[in-house]
Amino acid sequence: MPALLTLLLATPLFGLSLRAPDVSPVLAPETFAAESASRTLDEEAARADADTRTIMEWTRALHLGAAVTLGGATVLGGIQFGDEYGFHGGRAETACANNSAVLNDCGGETPWPHALLGGTAAVLGIGALLASTQVDFDRASRIDSDWRIYEVTRWAALALFLLQGAIGFIGANAVDLGWAHPDRHFTTLQSLATAHLVLGGALTVLEAVNTALLF
């Protein structure tokens, strides 16, 4: 009888046989949750990278425009400096006083080409700076390590821009506001114009470097 019972248990019945329950791997709810969370984090990281790249592109475009227009303003500013002051010892020796000025903007009216280029450079530069404040520099530096340098040098450019603008404003308006006389204070005005031009050149170089860092 024991042998018969063993045979019955071991023999398939209607195509079925007695066997241990299927214990194939089944993912626990915790594992599903972990995998879902991982996929969500990956998707969020991809979206953040895409957003960062978009802001980086805007910053690049604005910075390039600012650098180009600033370069033009600096060139015109140099010509204007040569007309109004140069490195002469007195106003009577200047190109403006001798009717040989290149631009003919000898203090009589606003030098519009220079002013428009300078104003455009300022607007684009401020726009680039504002755009850069929205950049995730940790992500940006993983895409391009130079952005970590730009994170610091952009503020140096801003400080230089503010200083150059302040000196330019004082020099351009000192006579009209009664702070200086064009003949008696020629050396002082010449020094202000020289400082404005030198700082403008330095700012142009720095902005060119900053623009190069972004590409």
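Residues numbered from 1 in each chain as written. Predicted model: local features only at pLDDT ≥ 70, side-chain atom pairs only at ≥ 80, totals over all residues. Heavy atoms only, no water.

Peer 1: Any details on the overall build of the protein? Residues and values, ideally.
Peer 2: A count of helical and extended segments in the protein gives six helices and zero strands. Ordered by position from N to C terminus, the α and β elements of the protein give α-α-α-α-α-α. Taking all 215 residues of the protein together, 30% fall into the buried category. Put simply, of all contacts in the protein between residues at least 6 apart along the chain, 72% involve residues at least 24 apart. Working note: accessible area of the protein is about 13,500 Å², and carbon and sulfur atoms make up 66% of it. (Helix = DSSP H or I, 4+ residues; strand = E, 2+ residues; numbered from the N terminus. Buried < 20%, exposed > 50% of the residue type's maximum accessible area, 1.4 Å probe, protein only. Contact = heavy atoms within 4.5 Å. Areas by Shrake-Rupley, 256 points an atom, 1.4 Å probe, with all protein chains shown as cover.)

Peer 1: Tell me about the packing of aromatic side chains, residues and numbers included.
Peer 2: One pass over the structure, following the stated rule, counts five aromatic pairs. The interplanar angle of 35° and the centroid separation of 6.3 Å between the aromatic rings of F81 and Y85 together place this pair among those described as tilted. Just as F81 is buried, Y85 falls in that class too. When the ring of W147 is compared with that of Y150, the centres are 5.7 Å apart and the planes differ by 75°; the resulting orientation is edge-to-face. With a gap of three residues between them, W147 and Y150 both fall in helix α5 (residues 146-173), about one helical turn apart. (Phe/Tyr/Trp six-rings, centres within 6.5 Å; stacked < 30°, edge-to-face > 60°.)

Peer 1: Break down the environment of T194 for me, with residues and values.
Peer 2: Mapped onto the fold, T194 is located in helix α6 (residues 186-214). With 113 residues separating them along the chain, T194 and F81 place their C-alpha atoms 7.6 Å apart. Among the polar contacts made by the side chain of T194, one reaches the main-chain carbonyl oxygen of Q190 at a distance of 2.8 Å. (Polar contact = N/O pair within 3.5 Å; in protein donor to acceptor, adjacent residues only side chain to side chain.)

Peer 1: How would you explain helix α3 (residues 112-132) if you had to name every residue and give the values?
Peer 2: Between its first and last C-alpha, α3 extends 30 Å over 21 residues, near the 30 Å set by a 1.5 Å rise per residue. The set of residues buried in α3 consists of A121, A122, A128, L129, A131 and S132. (Expected span 1.5 Å × (residues − 1).)

Peer 1: Pulling in residues and values, what's your account of the packing of α5 against α6?
Peer 2: The contact between α5 and α6 brings their axes to 9 Å, and the two run at 160°. As far as their axial angle goes, α6 and α5 are roughly antiparallel. The interaxial crossing formed by α5 with α6 has left-handed handedness. Partitioned by chemical class, the residues of the contact of α5 with α6 number 19 nonpolar, seven polar and three charged. (Axes fitted to C-alpha atoms, helices over the stretch in contact; angles between N-to-C directions. Parallel < 35°, antiparallel > 145°, perpendicular 65-115°, else oblique. Left-handed = near helix turned anticlockwise from the far one by under 90°. Nonpolar A, V, L, I, M, F, W, Y, C, P; charged D, E, K, R; others polar.)

Peer 1: Mind laying out the pattern of salt bridges, listing which residues take part and the relevant values?
Peer 2: One pass over the full model with this rule turns up six salt bridges. Residue R91 pairs with D183 through a salt bridge whose shortest N-O separation is 3.5 Å. Taken together, the residues span a long stretch of sequence, with R91 in the loop between α2 (29-84) and α3 and D183 in the loop between α5 and α6 at a distance of 92 residues. Since its relative accessible area comes to 39%, R91 is described here as partly exposed. Ionic pairing is found between D136 and R139, a salt bridge with its closest N-O pair at 3.5 Å. A single network of salt bridges, built from pairs that share partners, joins D49, D136 and R139. (Salt bridge = Lys/Arg side-chain N within 4 Å of Asp/Glu carboxyl O.)

Peer 1: Give me the confidence of the model for the protein: which residues, what numbers.
Peer 2: With 79% of its residues at a pLDDT of 70 or more, the protein shows a mean pLDDT of 84. Long-range and interchain partners of residues 13-18, a stretch whose pLDDT sits below 50, account for three contacts in this model, where long-range means more than four residues apart. (pLDDT = per-residue confidence, 0-100.)

Peer 1: I'd like a rundown of the packing of α3 against α5, residues and numbers included.
Peer 2: At a minimum axis separation of 11 Å, α3 and α5 run at an interaxial angle of 145°. Crossing of α3 against α5: the hand is left-handed. The residues of α5 that touch α3, namely those facing A122, A128, L129 and S132, are Y150, R154, W155, L158 and F161. A class-by-class count of the residues in the contact of α3 with α5 yields seven nonpolar, one polar and one charged.

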